[in-house]
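Reading the structure
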Amino acid sequence: MDPFICPICGGKLNIRIGADKAECDSCGKLHEIDAADVARYREVYSSAEHAMRQNTAAGYADAIRQLQTIAFIDEARDKIKECKQRLIELRASRFQRQEANRLSDRRNTRLGIVLLILTVLLCAAALAGIVYLIVRWVQGTLSKGTVITILCVAAAAVIVSVLGRLFAGRGSDS
Ligand SMILES: [Zn+2]
């Protein structure tokens, strides 16, 4: 005998999770369900609920796969619908996160380029300063102010290049 068909009128039996009787859609008569089946439906259903609680795409896919084995039960079909909806939402929020990451990567790249240009400029200035120092040294016309200015530029070049390296390190972490 088909457990989902009313033996009296041939109507569909409405099975409910955890209930040991099913009501016929057509004649309204209650029919006993096999206790082992009741237990099995409940087990599949709660296992699917457990998978859903992971709140991951894999969890929902697993829940759907399990619920499809008892899809003749209305509650299982409702749960499958719920899982599919949650999957859509998960996909949408993942897409938003990727978009946000892409935007912040672009910002990081732009900042990195600015720092690189600054480093190159300051290194060139420091190099020019050193050449200038050597020329003045040879000529014997070195002033204190000139030495301090050139040392400051060299220090700035070092600081900016260190900052640039720190920044590049952070960029590759994210
Ligand atoms: Zn019936």
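Just so it is clear, the model here is predicted, and its values are computed rather than measured.

Here the focus is the pattern of salt bridges. In this structure the tally under the stated criterion is 10 salt bridges. Note that Arg40 is salt-bridged to Asp37, the shortest N-O span being 4.0 Å. With Arg40 and Asp37 both in helix α1 (residues 35-53), this residue pair falls 3 residues apart, about one helical turn. Across the pair Arg65 and Asp62 runs a salt bridge, and its minimum N-O distance is 2.3 Å. Of this pair, Arg65 and Asp62 both sit in helix α2 (residues 57-67), 3 residues apart, roughly one helical turn. The class of Arg65 is exposed, set by a relative accessible area of 53%. Judged by relative accessible area, Asp62 falls into the partly exposed class, the value being 24%. The network of salt bridges with common partners includes Lys12, Asp74 and Arg77.

Procedures and definitions
- Residues numbered from 1 in each chain as written.
- Predicted model: local features only at pLDDT ≥ 70, side-chain atom pairs only at ≥ 80, totals over all residues.
- Heavy atoms only, no water.
- Salt bridge = Lys/Arg side-chain N within 4 Å of Asp/Glu carboxyl O.
- Helix = DSSP H or I, 4+ residues; strand = E, 2+ residues; numbered from the N terminus.
- Buried < 20%, exposed > 50% of the residue type's maximum accessible area, 1.4 Å probe, protein only.

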